[in-house]
Amino acid sequence: QVELVESGGGLVQAGGSLRLSCGASGQTFRIDMGWYRQAPGKEREFVACIRWSGGTYYSDSVKGRFTISRNNDKNTVFLQMNSLKPEDTAIYYCNAGVVDTGQYDYWGQGTQVTVSS
């Protein structure tokens, strides 16, 4: 089991920045972590992920604007979001997957990000 708790969402003007955090507890050995988002009326979509080994991946829509990082000592993953756009408005969910079991369906409760134009 992996428990995830996000923080850092809020309201920001277009062009601004926010930093999301997600803390993991429980089974935290060799876990991949990432972020997804879901806008009103849309399906949940991939944003970025970082492997337990450090490799990072981004969706085309955020590449160059968002940066994912992690602090393995504290089992925390961060999403630095710069140059925010109104279309980035969504609930952002932290996701974790345990490499050794193949279970990738651990989710946080979500944090709202709203970008005003």
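Because the structure is predicted, anything quoted here is derived from the model rather than measured.

## Examining the sheet that holds strand β8 (residues 76-81)
Here comes step 1: Pairing is antiparallel in the open sheet, where four strands are placed in the order β1-β3-β8-β7. Of all strands in the sheet, those with a lone pairing partner are β1 (2-7) and β7 (66-71), marking the two edges. Geometrically, the sheet is characterised by an average inter-axis angle of 20° between neighbouring strands, direction not taken into account.
Here comes step 2: As paired elements, β1 and strand β3 (residues 18-26) share six bridges and run antiparallel to each other. In the strand pairing of β3, Val5 is matched with Gly23.

## Observations concerning the pattern of salt bridges
Here comes step 1: Counting across every chain of the model gives six salt bridges.
Here comes step 2: The shortest N-O distance in the salt bridge between Arg30 and Asp100 comes to 2.8 Å. You can see Arg30 sitting in the loop between β3 and β4 (31-38) and its partner Asp100 sitting in the loop between β9 (90-98) and β10 (103-107), a full 70 residues away along the chain.
Here comes step 3: A relative accessible area of 27% places Arg30 in the partly exposed class.

## Examining the side chain of Arg37
Here comes step 1: Structurally, Arg37 can be placed in strand β4.
Here comes step 2: Separated by 3.4 Å, the side chains of Arg37 and Ser61 make a polar contact.
Here comes step 3: Within the structure, the side chain of Arg37 is placed 2.9 Å from the side chain of Asp88, a separation counted as a polar contact.
Here comes step 4: With residues up to four places along the chain from it excluded, the contact list for Arg37 reads Glu43, Arg44, Glu45, Val47, Ser61, Val62, Phe66, Glu87, Asp88, Ala90, Ile91 and Tyr92.

Parameters and conventions
- The residue count restarts for each chain, going from 1 along the sequence in the order it is written.
- Given that this is a predicted model, residues contribute local features only at a pLDDT of at least 70 and side-chain atom pairs are listed and counted only at 80 or more, while totals for whole chains, interfaces and linings are drawn from all residues.
- Side-chain calculation: all heavy atoms of the structure are included, whereas hydrogens and water are not.
- Any two strands between which DSSP finds at least two bridges are classified as paired.
- Elements are defined by DSSP. Helices are runs of H or I of four residues or more, strands are runs of E of two residues or more, and each kind is numbered from the N terminus.
- Here, axes are lines fitted to C-alpha atoms. For helices the fit covers the stretch in contact, and angles between N-to-C directions go from 0 to 180 degrees.
- Think of a salt bridge as a Lys or Arg side-chain nitrogen and an Asp or Glu carboxyl oxygen that are within 4 Å of each other.
- Remark: exposure states derive from per-residue accessible area (1.4 Å probe, protein chains only) relative to the maximum for the residue type, with buried under 20%, exposed over 50%, and partly exposed in between.
- Definition of a polar contact: a pair of N or O atoms within 3.5 Å, with one able to donate and the other able to accept a hydrogen when the atoms are protein atoms, and with sequence-neighbouring residues admitted only if both atoms are side-chain atoms.
- We call two residues in contact when some of their heavy atoms are within 4.5 Å.

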